[in-house]
Amino acid sequence: MSSSFKLFYDYFSPLSRSIIILLEHNKVVYEKTSVALRKGEHLSKEYGQNVNRHHKVPVIHDNDGLRLAETVAIYHYLGRKGIISERWYPTDVKKLMKIDEFLQWNHNSLLLTTGSIFYEAWLKHFKDISGTEHGMMKNVRDPTNFVDIHNSLNMLENVWLENKKFLVDDEPTYAELIASCALMQVVGLRLFAIDNEKYPKVSRWLQDTKDYFNPEFDTAHQYIYKYGERFNGPPKIGLTIRAVLFLRNLMNKS
Ligand SMILES: N[C@@H](CCC(=O)N[C@@H](CS)C(=O)NCC(=O)O)C(=O)O
């Protein structure tokens, strides 16, 4: 079967990984083009003109000329076009809206806090990017926006996972992917470790999610794991100079 759309992605982007896992899990045929955020490839004028005027990933281009940024919009596109099965895009409005409710919460909490740690530890130290006022970089420099990851974990533990196996239901939904990929950005790179005693439900949920989506989950995280393993530092939130230098050297070599 020929592909009907192309995905621009970076494996170091949690939102890209969440879409890739969903697509691979659904055995969707599509084209992939890698965009190296660490090299600032998304910041060029050409990228803005030809790929995504928001200068971000993920973005898709379909055969009908549609260019679509924003992960939640892409998810809706995949569902409405029937590219992913009904199992992943409920026709039941209540179910669908409950997923969206989580995704909206996630954007300003878990994704922001884990993204802030990642940017602070890593991307900001790349010369090409740190000189710009682009996207999230601006937020990270504002300490009031560097929200504590523990607020997000507490919400996951005590609200979202309070009485269900997964975030929205007792079965995994797309919400699992966005949230777990956001967490893996810091857990997989060993910039942060989840305390199993403090967050037993979150720890269990993360493992269940990986198990459910494997092998696609681990394949999409292979580079995250690789760099996390090479940086064998203390798994804690404190971002040491050693961590930053180590990760920067690794990325420069690759
Ligand atoms: N709201 C957008 C956010 C997209 C986004 O921030 N993508 C990140 C990677 S996960 C990115 O491209 N960052 C590059 C930058 O901000 O310079 C979405 O949901 O897709």
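Please read all numbers here as calculations on a predicted model, not as lab measurements. (Residues numbered from 1 in each chain as written. Predicted model: local features only at pLDDT ≥ 70, side-chain atom pairs only at ≥ 80, totals over all residues.)

Novice: Would you explain the nonpolar core in this entry?
Specialist: Across soluble globular proteins, nonpolar side chains show a tendency to be buried alongside one another. Ranked by internal contacts, the top residues of the largest apolar core, which has 54 residues, are Ala 175 and Ile 178. Element by element, the count of residues in this core is highest for helix α9 (residues 174-187), at 10 residues. When residues are assigned to domains, this core turns out to be shared by domain 1 (5-88) and domain 2 (93-253), each giving three or more. Ile 178 has contacts with Leu 15, Ser 18, Thr 71, Leu 103 and Asn 106, leaving out every residue within four places of it along the chain. (Core = buried A, V, L, I, M, F, W, Y, C linked by C-beta atoms within 7 Å. Buried ≥ 20, exposed ≤ 12 C-beta atoms within 10 Å, placed from the backbone. Helix = DSSP H or I, 4+ residues; strand = E, 2+ residues; numbered from the N terminus. Domains from an automatic or database assignment. Contact = placed C-beta atoms within 7 Å.)

Novice: What is the right way to read the sheet that holds strand β1 (residues 5-9) from this model?
Specialist: Within a beta sheet, neighbouring strands are joined by backbone hydrogen bonds and run either parallel or antiparallel to one another. A sheet is described by the order of its strands in space; here four strands give the open sequence β2-β1-β3-β4, paired in mixed fashion. Bordering the open sheet on either side are β2 (31-34) and β4 (67-69), each of which pairs with just one other strand. Averaged over all adjacent pairs, the angle separating strand axes in this sheet is 20 degrees, with direction ignored. As paired strands, β1 and strand β3 (residues 59-62) are joined by four bridges and run antiparallel to one another. Residue pairing in the sheet places Phe 5 in a bridge with Asp 62 of β3. (Pairing = 2+ DSSP bridges. Axes fitted to C-alpha atoms, helices over the stretch in contact; angles between N-to-C directions.)

Novice: How should I be thinking about the pairing of β2 in this particular structure?
Specialist: For a regular strand, side chains alternate in direction, first toward one face of the sheet and then toward the other. By the bridge criterion, four bridges tie β1 to β2 in an arrangement that is parallel. Bridge assignment links Lys 6 to a residue of β2, and that residue is Glu 31.

Novice: Got a minute to help me understand the environment of Glu 101 in this structure?
Specialist: Along the chain, Glu 101 turns up in helix α4 (residues 93-107). Residue Glu 101 is classed as partly exposed on the basis of its C-beta count, with 14 C-beta atoms lying within 10 Å. Between the C-alpha atom of Glu 101 and that of Val 168, which follows or precedes it by 67 residues, the distance is 9.1 Å.

Novice: Just checking my understanding: could you explain the pairing of β3 for this structure?
Specialist: Pairing analysis gives three bridges linking β3 to β4, with the strands arranged antiparallel. Within β4, the position partnered with His 61 by the bridge is Arg 67. Between β3 and β4, which pair antiparallel and follow one another directly, the connecting turn spans four residues, one of which, Gly 65, has a positive phi of 85 degrees.

Novice: Where do I start with the packing of helix α1 (residues 14-25) against α9 in this structure?
Specialist: Geometrically, a packed helix pair is captured by the angle between its two axes and the distance between the axes. Between α1 and α9, whose axes approach to 8 Å, the crossing angle comes to 135 degrees. When the interaxial angle is binned, α1 and α9 end up oblique. Remark: the crossing between α1 and α9 carries right-handed chirality. Residues Pro 14, Leu 15, Arg 17, Ser 18, Ile 21 and Leu 22 of α1 form the contact with α9, whose participating residues are Tyr 174, Leu 177, Ile 178, Cys 181, Ala 182, Met 184 and Gln 185. For the contact of α1 with α9, the residue count by class is 10 nonpolar, two polar and one charged. (Parallel < 35°, antiparallel > 145°, perpendicular 65-115°, else oblique. Left-handed = near helix turned anticlockwise from the far one by under 90°. Nonpolar A, V, L, I, M, F, W, Y, C, P; charged D, E, K, R; others polar.)

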